[in-house]
Amino acid sequence: MIPNLLTAPALEPVSVDEAKAWLRLDSSDEDPLLAALIVSARLTLESYTRRFFVTQSWRMRLDAWPAQTLRRGTLAIPFSPFRSLSAIRVYDSADVAQTLASAAYRAAPTRDAGRVAFISSPPEPGRACDGIEIDLVTGYGDSATDTPEPLRRAMLALVAHWHENRGDVDDAGAPLPTIAVALAKPFRRERLT
């Protein structure tokens, strides 16, 4: 599976003003730095927890349907939280995308990884590479406050850590700060096998 980001989050779970309040900064001199640290903290913690914090759109590309999909009639969506499925396209032998009708499958939103249940067997792709495209929406919600508060606090802790340690310490390969891990760990998902 090859994931591609289609639409990045419209906003971050933590604002620059919230980060400034957390760091007790009054000046706006470092606003661009704080904005960059916020994005980096979100991406780092999304990777650590294997969850997306705010609404974003992704495309999954598959060469073929996994064997278990053909046996069980379901496809696991490894993105969490799973909000909705926008489209499923299967390319035929003429390299033309055929969009599956929404009546051909069910995909209910869930706070965890999603699942697509096919009503009938999905069509086989006609090309060997990237024959299947699945567009989906993931994330806790459209608002910053839809992200669980412990994850927002973990972001603030990580922003503060990076703000206070700007290359002064050689922390290459160092784990995340203890407080950020403690706040984010209850949300961490295990890898799909």
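Given the structure is predicted, the values throughout are model-derived calculations rather than measurements.

Some points on the overall build of the protein
Helix and strand counts for the protein come out as 5 helices and 8 strands. Seen in sequence order, the protein has helices and strands lined up from the N terminus as β-α-α-β-α-β-β-β-β-β-β-α-α. Projecting the C-alpha coordinates of the protein onto the three principal axes gives extents of approximately 60 × 30 × 25 Å. The burial tally for the protein puts 41% of its 193 residues in the buried class. Taking the intrachain contacts of the protein between residues at least 6 apart in sequence as the baseline, contacts between residues at least 24 apart amount to 78%.

What about the sheet that holds strand β3 (residues 74-77)?
Ordered by their spatial adjacency, 3 strands build an open sheet running β3-β7-β6, and the pairing between neighbours is antiparallel. Of all the strands in the sheet, just β3 and β6 (105-106) have a single pairing partner and so form its edges. Both β6 and strand β7 (residues 114-118) contribute to a ladder of 2 bridges, which runs antiparallel. Its bridge partner being in β7, Arg-106 is matched across the sheet by Ala-117.

Some words on helix α4 (residues 149-164)
Taking 1.5 Å per residue, 16 residues should reach 22 Å; α4 reaches 22 Å between its end C-alpha atoms and fits that length. For α4, the complete set of buried residues consists of Leu-151, Arg-152, Ala-154, Met-155, Leu-156, Ala-157, Leu-158, Val-159, Ala-160 and His-163. Of the surrounding elements, those touching the buried residues of α4 are α1 (16-23), α2 (31-49) and α5 (178-184).

Things to note about the packing of α2 against α4
Their axes nearest at 9 Å, the elements α2 and α4 cross at an angle of 125°. Between α2 and α4, the crossing angle belongs to the class labelled oblique. Where α2 crosses over α4, the handedness of that crossing is right-handed. Judged by residue contacts, Leu-33, Leu-34, Leu-37, Ile-38, Ser-40, Ala-41, Arg-42, Thr-44, Leu-45 and Thr-49 of α2 engage Leu-151, Ala-154, Met-155, Leu-158, Val-159, Trp-162 and His-163 from α4. Partitioned by chemical class, the residues of the contact of α2 with α4 number 12 nonpolar, 4 polar and 1 charged.

A closer look at the sheet that holds strand β4 (residues 82-91)
Spatially, the 5 strands line up as an open sheet ordered β1-β2-β8-β4-β5, and their pairing is antiparallel. Because the sheet does not close on itself, it has two edges, and the strands there are β1 (2-7) and β5 (97-99). Across the sheet, the mean angle separating the axes of adjacent strands is 25° when strand polarity is ignored. Both β4 and β5 contribute to a ladder of 3 bridges, which runs antiparallel. Its bridge partner lying in β5, Tyr-91 is registered against Ala-97.

What to know about α2
Along its 19 residues, α2 runs 27 Å from first to last C-alpha, staying within 8% of the 27 Å computed at 1.5 Å per residue. Those residues of α2 that are buried are in contact with α1, β2 (56-62), α4 and α5. Looking one or two places after α2, you find Arg-50, whose phi comes out positive at around 60°.

A short note on the pairing of β2
Residues in a regular strand point their side chains to alternate faces of the sheet. In terms of burial, β2 is a largely internal element, 6 of the 7 residues being buried. The pairing of β2 with strand β8 (residues 132-138) spans 7 bridges and is antiparallel. Bridging across to β8, Ser-57 finds its partner in Val-137.

Describing the packing of aromatic side chains
Under the definition given, this model contains 4 aromatic pairs. For the pair Phe-52 and Phe-79, a centre-to-centre distance of 5.7 Å together with 20° between the ring planes defines the contact as stacked. With a gap of 27 residues between them, Phe-52 in the loop between α2 and β2 and Phe-79 in the loop between β3 and β4 connect regions that are remote in the sequence. Overall, Phe-52 belongs to the buried group, its relative accessible area being 14%. Note on Phe-79: relative accessible area 5%, which makes it buried. A ring pair is formed by Trp-58 and Phe-79, whose centres lie 5.7 Å apart and whose planes are at 40°; its orientation type is tilted. On the criterion of sequence distance, the pair formed by Trp-58 in strand β2 and Phe-79 in the loop between β3 and β4 is long-range, its members being 21 residues apart. On the accessibility criterion, Trp-58 (14% relative accessible area) is buried. By the ring-pair criterion, three or more aromatic residues cluster together here, those being Phe-52, Trp-58 and Phe-79.

Parameters and conventions
Residues numbered from 1 in each chain as written. Predicted model: local features only at pLDDT ≥ 70, side-chain atom pairs only at ≥ 80, totals over all residues. Heavy atoms only, no water. Helix = DSSP H or I, 4+ residues; strand = E, 2+ residues; numbered from the N terminus. Buried < 20%, exposed > 50% of the residue type's maximum accessible area, 1.4 Å probe, protein only. Contact = heavy atoms within 4.5 Å. Pairing = 2+ DSSP bridges. Expected span 1.5 Å × (residues − 1). Axes fitted to C-alpha atoms, helices over the stretch in contact; angles between N-to-C directions. Parallel < 35°, antiparallel > 145°, perpendicular 65-115°, else oblique. Left-handed = near helix turned anticlockwise from the far one by under 90°. Nonpolar A, V, L, I, M, F, W, Y, C, P; charged D, E, K, R; others polar. Phe/Tyr/Trp six-rings, centres within 6.5 Å; stacked < 30°, edge-to-face > 60°.

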